[in-house]
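Inside the fold
Residue-level listing of the chains:
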Amino acid sequence: PPPPPGANGTPRGPVKHGIVSDVTAALFSPNGADEPLVEIQFAGTTTPSLKHRRDFLTGSVVDRAVQAACERACRAEQAGTDDPGLTADTLIDAIDEQVRAVVHGLTPVNVTEFVDLPDGVRVTNLRRLPRPTLSAAQLQR
């Protein structure tokens, strides 16, 4: 059986480590499934800058994703799921959804508010890249 939850019902021990490890691997692994989401073209350059999911991570994006994943876990438990609780896959999917919502609202004018770009560059074009048919968690498997 899993260890008893810590303060406020949060997982601890191997369960928490496993979730953190899996989410970190999905977001930052060099051989992970983090496909570029957007291509940004700067004035005076011919090579676009590719931005990935990890480039859009902020405290508020992660906070909203954790809240959404926990809400899904609660609804699944209320529906009588056999394996209740927060999973790495649920959290990875929630982070992906939050980041994609940010990407959806990007324009060449506001992109500097959401990702770090080199000083003094002028964005001339922004192109959202096609989304894979599988979710981020499914791509990790």
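The structure contained in this document is the topic of the report that follows. All values derive from a computational prediction rather than experimental measurement. (Residues numbered from 1 in each chain as written. Predicted model: local features only at pLDDT ≥ 70, side-chain atom pairs only at ≥ 80, totals over all residues. Heavy atoms only, no water.)

**A word on the sheet that holds strand β1 (residues 38-42)**
Sheet architecture is open: three strands sit in the order β2-β1-β3, paired in antiparallel fashion. Lying at the two open borders of the sheet, with one neighbouring strand each, are β2 (49-51) and β3 (123-128). Strand-to-strand, the axes of this sheet are offset by a mean angle of 20°, without reference to chain direction. Alignment of β1 against β3, held across five bridges, turns out to be antiparallel. Among the inter-strand pairings, Ile40 is bridged to a residue of β3, identified as Leu126. (Pairing = 2+ DSSP bridges. Helix = DSSP H or I, 4+ residues; strand = E, 2+ residues; numbered from the N terminus. Axes fitted to C-alpha atoms, helices over the stretch in contact; angles between N-to-C directions.)

**A few points about the pairing of β1**
A large share of β1 lies buried, amounting to four of its five residues. The hairpin turn running from β1 into β2, its antiparallel successor, is six residues long, and Gly44 in that turn takes a positive phi close to 80°. (Buried < 20%, exposed > 50% of the residue type's maximum accessible area, 1.4 Å probe, protein only.)

**Details of the side chain of His52**
With respect to the helices, strands and loops of the structure, His52 is situated in the loop between β2 and α2 (59-78). In this structure His52 touches Asp34, Glu35, Pro36 and Leu37, once residues within four positions along its chain are discounted. (Contact = heavy atoms within 4.5 Å.)

These values are about where atoms sit, not about what they do.
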